[in-house]
Amino acid sequence: FEGDAIVAFWGAPIPQEDHAIRACRCALQMQEALVDIRRLWQTQNRPRINIRIGINTGEMVVGNMGGARKFDYTVIGDSVNLASRLEGANKQYQTGILVSERTYEFVKDQILGRELDLIAVKGRSAPLKIFELLQLKNGAVGKLMAEFLSFYGEGLGLYRERRWHDAKASFEKALHCKPDDRPSQLYIERAAHYAINPPPAAWDGVFVMQTK
């Protein structure tokens with residue numbers, strides 16, 4: 001526990017080759033459990049609670065850390081910091097689970113997700129491709145979800161080709177399938193802005209995160 005956050009890791013002290021999918025399954029199960037908690041708390045007039053989760057896969061230092069008065073078995077390192085940045089990035093997109101490209105490459109055959117954005121975060125020079133986890137691939141994808149992902153993916157491709165009006169139209173179709181999807185709304189806003197104020201020729205589609 002770290003303040004109001006939970007730090008969890010897989011692959012230590014016992015090596016686990018499937019550490020990435022274990023982490024992703026846990027994240028999805030946490031969000032599913034939260035639905036039941038919200039339902040119960042609503043009957044008790046308690047406030048609605050949301051959680052954000054960031055997942056990254058990489059090398060890190062693990063072991064007992066601290067001093068004589070207080071120590072803990074934990075992880076530290078750049079890979080850990082990136083997971084923290086992804087957790088915070090959920091605020092920008094109003095999403096629940098964001099994972100790094102490296103994690104997504106490990107789990108994409110078992111997890112249904114979507115590419116969300118190309119971002120620059122504090123403390124890292126290279127842009128990061130990030131993905132949102134949606135559900136396990138343990139059954140057929142619903143027609144509405146399939147249509148939503150198709151329109152969204154089409155819009156993302158058009159946006160990066162600088163075809164602002166076409167991208168906006170595709171994201172609007174995605175919103176027709178999922179009206180509360182904040183990422184689609186954000187891309188519509190960005191496309192509308194760039195249609196009037198085109199980005200420079202060197203624009204690479206990277207969004208710069210202003211907060212942690």
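Each value, and the rule that gives it
- Residues numbered from 1 in each chain as written.
- Predicted model: local features only at pLDDT ≥ 70, side-chain atom pairs only at ≥ 80, totals over all residues.
- Heavy atoms only, no water.
- Helix = DSSP H or I, 4+ residues; strand = E, 2+ residues; numbered from the N terminus.
- Buried < 20%, exposed > 50% of the residue type's maximum accessible area, 1.4 Å probe, protein only.
- Contact = heavy atoms within 4.5 Å.
- Areas by Shrake-Rupley, 256 points an atom, 1.4 Å probe, with all protein chains shown as cover.
- Lys, Arg positive; Asp, Glu negative; His and termini not counted.
- Charge placed at Lys NZ, Arg CZ, Asp CG, Glu CD.
- Pairing = 2+ DSSP bridges.
- Axes fitted to C-alpha atoms, helices over the stretch in contact; angles between N-to-C directions.
- Core = buried A, V, L, I, M, F, W, Y, C linked by side-chain atoms within 4.5 Å.

Asker: Please explain the overall build of the chain as it appears in this structure.
Answerer: When its secondary structure is counted, the chain shows six helices and seven strands. Start at the N end of the chain and walk to the C end: the helices and strands fall as α-β-β-β-α-β-α-β-β-α-α-α-β. Principal axes of the C-alpha set define a box for the chain whose edges measure 60 × 45 × 35 Å. Burial status across the chain gives 37% buried among its 212 residues. Of all intrachain contacts in the chain linking residues separated by at least 6 positions in sequence, the fraction that spans at least 24 positions is 61%. On the chain, roughly 13100 Å² of surface is accessible, and the fraction owed to carbon and sulfur atoms is 52%. Computed over 28 positive and 25 negative side-chain charges, the separation of the two mean positions in the chain equals 4 Å.

Asker: Is there a simple way to explain the sheet that holds strand β7 (residues 207-208) in this structure?
Answerer: Hydrogen bonds between backbone groups are what pair the strands of a sheet, and the pairing can be parallel or antiparallel. Spatially, the five strands line up as an open sheet ordered β1-β4-β6-β5-β7, and their pairing is mixed. Whereas interior strands pair on both sides, the edge strands pair on one side only; in this sheet they are β1 (53-55) and β7. For strand β4 (residues 97-100) and strand β6 (residues 128-136), the ladder comprises three bridges, and the chain directions are antiparallel. For Val 99, the partnering residue across the bridge sits in β6 and is Phe 131. In the packing of helix α4 (residues 143-160) onto the sheet, the strands contacted are β5 (111-120) and β6, and the crossing angle to β5 comes to about 25°.

Asker: Would you mind showing me how to read the nonpolar core here?
Answerer: Generally speaking, nonpolar side chains in soluble globular proteins are found buried as a group. With 31 residues, the main nonpolar core has Tyr 93, Leu 98, Ile 119, Ile 130, Tyr 152, Tyr 159 and Phe 171 as its most contacted residues. Of all elements in the fold, only α2 (78-93), β5, β6, α4, α5 (164-177) and α6 (182-196) reach the threshold of two or more residues within this core. When sequence neighbours within four positions are dropped, the list of residues in contact with Ile 130 reads Leu 86, Tyr 93, Leu 98, Val 99, Arg 114, Glu 115, Leu 116, Asp 117 and Ile 119. In terms of nonpolar packing, the next biggest core, distinct from the first, is built from 15 residues, Ala 20, Ala 23, Ala 27 and Tyr 104 among them.

Asker: So what exactly am I meant to see when it comes to the environment of Thr 74 here?
Answerer: Tracing the chain through its elements places Thr 74 in strand β3 (residues 71-76). A relative accessible area of 22% means that Thr 74 is categorised as partly exposed. On a C-alpha basis, the gap between Thr 74 and Val 107 in space is 24 Å, while along the polypeptide they are 33 residues apart. Beyond its immediate sequence surroundings of up to four residues, Thr 74 is in contact with Phe 9, Val 61, Val 62, Gly 63 and Met 65.

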